[in-house]
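Descriptive structure summary
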Amino acid sequence: LGPGVETLGKLIAEGRGATFDLIFVDANKDDYDRYYEQALVLAKPGALIAIDNTLFAGRVVGQNMEGLADWQIMFTEHVKRLNAKLHNDPRVALAMIAVGDGITLCVKQ
């Protein structure tokens, strides 16, 4: 238990890199990029990294933006940046599933 970035960092420090078959990311959006980078270290080649909320209620494409609180706008920007990074990342093969709030499946190369 504890902040996810710290927990994942401890797993890496313990030498658990390239040992996980599946990693599911669904936490505070401002740390999504850090979770993703840590997940890449922890995942073995061929492992699945699933990232939840990558459509973020349509906000990542400019829908449902009226009346949002500042934190919602900030979280939307974090998810948008991660989506762009994933799209251009040769370390993974991608598939986005447009169900619910969106989930992106990354297979580590």
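The following refers to the structure shown.

Conventions we followed
- Within any chain, residue numbers begin from 1 and follow the written order of that chain's sequence.
- Local features in a predicted model are, by the rule used here, given only for residues with pLDDT of at least 70; side-chain atom pairs are given and counted only at 80 or more, and totals for whole chains, interfaces and linings are based on all residues.
- Remark: hydrogens and water are excluded; side-chain values derive from all non-hydrogen atoms of the structure.
- Criterion used throughout: strands pair if DSSP finds at least two bridges between them.
- In this text, helices come from DSSP runs of H or I with a minimum length of four residues, and strands from runs of E with a minimum of two, each type numbered from the N-terminal end.
- Assignment of crossover handedness uses the view with strands pointing away from the viewer, where a clockwise path from the first strand over the helix to the second indicates a right-handed crossover.
- Think of a salt bridge as a Lys or Arg side-chain nitrogen and an Asp or Glu carboxyl oxygen that are within 4 Å of each other.
- Accessible area is worked out with a 1.4 Å probe on protein chains only. A residue is then buried under 20% of its type maximum, exposed over 50%, and partly exposed in between.

Pairing of strand β1 (residues 20–25) with strand β2 (residues 43–52) involves five bridges; the strand directions are parallel. In the sheet register, L22 faces β2, and the bridge partner there is L48. Following the chain from β1 across helix α2 (residues 32–42) to the adjacent parallel β2, one finds a crossover that is right-handed. With five bridges joining them, β2 and strand β4 (residues 103–108) adopt antiparallel strand pairing. Paired with A50 across the strands is L105, a residue of β4.

If you walk through the whole model with that rule in mind, you get eight salt bridges. Ionic pairing is found between D26 and K29, a salt bridge with its closest N-O pair at 3.6 Å. Between K85 and E37 there is a salt bridge, with the nearest N and O atoms lying 2.6 Å from each other. Taken together, the residues K85 in helix α3 (residues 70–87) and E37 in helix α2 connect sequence positions 48 residues apart. On the basis of relative accessible area, K85 is assigned to the partly exposed category, the value being 26%. Judged by relative accessible area, E37 falls into the partly exposed class, the value being 26%. Each of D33, E37, K85, D89 and R91 takes part in one network of salt bridges that share partners.

All we've got here are geometric facts, nothing functional implied.
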